[in-house]
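Chain by chain, the residues:
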Amino acid sequence: MNADAYIVRYSVYQDGGQLVDQGHTHYYPREENSELAFDIRDGELTRRFYHS
């Protein structure tokens, strides 16, 4: 399958509104119904999950 590539930009804020992390990831869906999820712990992006 030829899928479009996406750039996902993210910003992580603490409860008080302070910016603690930001960046981007490149996402290449493997299937039509693929999903992207992030694991954020203690205000830091630790994992990116690609589900299909």
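All of these numbers come straight from a predicted model, not from anything done at the bench.

Asks: Which parts of the structure should I look at to understand the packing of aromatic side chains?
Replies: By convention here, two paired aromatic rings are described through the distance between centres and the angle between planes. Under the defined criterion, the tally for this structure stands at one aromatic pair. Ring geometry for Tyr6 against Tyr27: centres 6.3 Å apart, planes inclined by 35 degrees, an arrangement best described as tilted. Of the two residues, Tyr6 sits in strand 1 (residues 6-13) while Tyr27 sits in strand 2 (residues 19-27), which places them 21 residues apart along the sequence. Tyr27 sits in the buried class, given a relative accessible area of 9%.

Asks: Which parts of the structure should I look at to understand the confidence of the model for the protein chain?
Replies: Regions with low pLDDT carry predicted coordinates that are not meant to be interpreted in detail. Per-residue pLDDT for the protein chain averages 76, and the proportion of residues at 70 or more is 85%. For the protein chain, strand 4 (residues 44-51) is the element with the lowest average pLDDT, namely 69, and strand 1 is the one with the highest, namely 85.

Asks: Just checking my understanding: could you explain the pairing of strand 1 for this structure?
Replies: In the case of a regular strand, side chains alternate between the two sheet surfaces. Bridge count between strand 1 and strand 2: eight bridges; the pairing is antiparallel. Bridging across to strand 2, Tyr10 finds its partner in Gly23. Here strand 1 folds back onto strand 2, and the loop between the two strands holds five residues, one of which, Gly17, carries a positive phi near 95 degrees.

Calculation rules
- Residues numbered from 1 in each chain as written.
- Predicted model: local features only at pLDDT ≥ 70, side-chain atom pairs only at ≥ 80, totals over all residues.
- Heavy atoms only, no water.
- Phe/Tyr/Trp six-rings, centres within 6.5 Å; stacked < 30°, edge-to-face > 60°.
- Helix = DSSP H or I, 4+ residues; strand = E, 2+ residues; numbered from the N terminus.
- Buried < 20%, exposed > 50% of the residue type's maximum accessible area, 1.4 Å probe, protein only.
- pLDDT = per-residue confidence, 0-100.
- Pairing = 2+ DSSP bridges.

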